[in-house]
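Listed below, chain by chain, are the residues.
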Amino acid sequence: LAAPFGERISPRFHARPTQGLMAAFAPSARRVPRPRAAALGFIGGAVGEIMLTSLVSHFTWRHAIIGFSTLGIPIALCFWIFLNKKPPTAFSERKHYSLTFQAMWQQFKMIIKQHRIWVAGLLSSLIFLPTSVFAALWGIPFLERAYQYTTSEAAIATSMIFFGWAIGAPIQGLISDRCNTRL
């Protein structure tokens, strides 16, 4: 909600990391299996891109963001109130350990020394980079200028990339599970 109100970069700069942190530490985030969560996220990106482009063409981008934020706050409150906050019994029976900062730092150092972590991070970055750069940043203006698409046609075309990810990412995960070939 802070992004549309800033004339300077500061409020916009802080809005996206805050959104990511809120999603990462949401209580229900750990209860949805990863393939479904990834698919839902990409579907949300595709539908959101189409809707946002349509709203921006009729209103300003600031009004569109304020509208989405205003609509999102009650939806988030409903999720917060109505989702089951009790962990499943399998999770509640596990022992919880508290780590000191030094022990956590030792584990972090052990993780960053592993070659496979760096390879997995590099490969996933290279795989997702075209999506984040083309579809989210340059896709609509490129299709408008190079192929004379209307803004709504370009939004639908670039959102197909997100729909492809929504279908392909879970399938790739299933294939990887069956072949037992994860990094």
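What counts as what
- Residues numbered from 1 in each chain as written.
- Predicted model: local features only at pLDDT ≥ 70, side-chain atom pairs only at ≥ 80, totals over all residues.
- Heavy atoms only, no water.
- Helix = DSSP H or I, 4+ residues; strand = E, 2+ residues; numbered from the N terminus.
- Buried < 20%, exposed > 50% of the residue type's maximum accessible area, 1.4 Å probe, protein only.
- Contact = heavy atoms within 4.5 Å.
- Areas by Shrake-Rupley, 256 points an atom, 1.4 Å probe, with all protein chains shown as cover.
- Patch = residues over 30% accessible without salt bridge, like charges linked within 9 Å, V, L, I, M, F, W, Y side chains within 5 Å.
- Salt bridge = Lys/Arg side-chain N within 4 Å of Asp/Glu carboxyl O.
- Axes fitted to C-alpha atoms, helices over the stretch in contact; angles between N-to-C directions.
- Parallel < 35°, antiparallel > 145°, perpendicular 65-115°, else oblique.
- Left-handed = near helix turned anticlockwise from the far one by under 90°.
- Nonpolar A, V, L, I, M, F, W, Y, C, P; charged D, E, K, R; others polar.
- Core = buried A, V, L, I, M, F, W, Y, C linked by side-chain atoms within 4.5 Å.
- Phe/Tyr/Trp six-rings, centres within 6.5 Å; stacked < 30°, edge-to-face > 60°.

Q: Kindly report on the overall build of the protein chain, identifying the contributing residues and their values.
A: Looking only at helices and strands, one finds seven helices and zero strands in the protein chain. Ordered by position from the N terminus, the helices and strands of the protein chain form the series α-α-α-α-α-α-α. Buried positions account for 14% of the 183 residues belonging to the protein chain. Within the protein chain, counting contacts between residues at least 6 apart in sequence, those at least 24 apart form 64% of the total. In the structure as shown, the protein chain presents an accessible area of about 14,600 Å², 70% of it carried by carbon and sulfur atoms.

Q: With reference to specific residues and values, describe a nonpolar patch on the surface.
A: A surface patch of nonpolar side chains, amounting to about 950 Å² of accessible area, comprises Leu 99, Phe 101, Met 104, Trp 105, Phe 108, Ile 111, Ile 112, Ile 117 and Trp 118. Every element with two or more residues in the nonpolar patch is listed here: α5 (101-112) and α6 (115-147). Here the nonpolar patch gets six residues from one element, more than from any other, and that element is α5.

Q: An account of the environment of Phe 128 is requested, with residue identities and associated values reported.
A: Examined against the element boundaries, Phe 128 turns out to sit in helix α6. For Phe 128, a relative accessible area of 30% corresponds to the partly exposed category. On a C-alpha basis, the gap between Phe 128 and Trp 165 in space is 9.5 Å, while along the polypeptide they are 37 residues apart. Apart from residues lying up to four places away in sequence, Phe 128 is in contact with Phe 42 and Trp 165.

Q: Provide a residue-level description of the packing of α6 against helix α7 (residues 151-179), including the pertinent values.
A: In the contact formed by α6 and α7, the axes pass within 7 Å of each other and the chain directions differ by 165°. Relative to α7, the element α6 lies roughly antiparallel. Considering only the axes of α6 and α7, their crossing is right-handed. Contacts between α6 and α7 involve Ile 127, Phe 128, Thr 131, Phe 134, Ala 135, Gly 139, Ile 140, Leu 143 and Glu 144 from the first element and Thr 151, Ala 154, Ala 155, Ala 157, Thr 158, Ile 161, Phe 162 and Trp 165 from the second. The class makeup of the residues in the contact of α6 with α7 is twelve nonpolar, four polar and one charged.

Q: Give a description of the side chain of Ser 159 that names residues and reports values.
A: As for its position among the elements, Ser 159 is in helix α7. Overall, the relative accessible area of 0% leaves Ser 159 in the buried class. Residues contacting Ser 159, with those up to four places away along its chain left out, are Ala 46, Glu 49 and Ile 50.

Q: Help me get a handle on unusual backbone geometry, residues and values and all.
A: Look at Gln 148: it is not a glycine, yet its phi comes out positive at around 55°. Among the structural elements, Gln 148 can be located in the loop between α6 and α7.

Q: Would you mind going over the environment of Gly 45 in detail, with residue names and values included?
A: Tracing the sequence through the fold places Gly 45 in helix α2 (residues 34-58). Gly 45 sits 116 residues away from Ile 161 along the chain, and the two C-alpha atoms are 9.7 Å apart.

Q: Before we move on, can you summarise the environment of Thr 150 with the specific residues and values?
A: With respect to the element layout, Thr 150 can be found in the loop between α6 and α7. Take Thr 150: its relative accessible area is 40%, and that puts it in the partly exposed class. The spacing of Thr 150 and Ile 140 is ten residues in sequence and 8.9 Å in space, taken between C-alpha atoms.

Q: Tell me what's going on with the nonpolar core, and back it up with residues and numbers.
A: Membership of the largest hydrophobic core is limited to five residues, which are Phe 42, Ala 46, Ala 135, Phe 162 and Ala 166. Looking at this core, the elements with two or more residues in it are α2 and α7. Apart from the residues lying within four places of it in its own chain, the contact partners of Ala 135 are Glu 49, Pro 130, Thr 158, Ile 161 and Phe 162.

Q: For the packing of aromatic side chains, give the residues involved together with the corresponding values.
A: In this structure the tally under the stated criterion is seven aromatic pairs. Taking 5.4 Å as the distance between ring centres and 25° as the angle between the ring planes, the aromatic pair formed by Phe 42 and Trp 165 counts as stacked. You can see Phe 42 sitting in helix α2 and its partner Trp 165 sitting in helix α7, a full 123 residues away along the chain. With relative accessibility at 13%, the residue Phe 42 sits in the buried group. Overall, the relative accessible area of 21% leaves Trp 165 in the partly exposed class. Taken together, the ring pairs connect Phe 134, Phe 142, Tyr 147 and Tyr 149 into an aromatic cluster.

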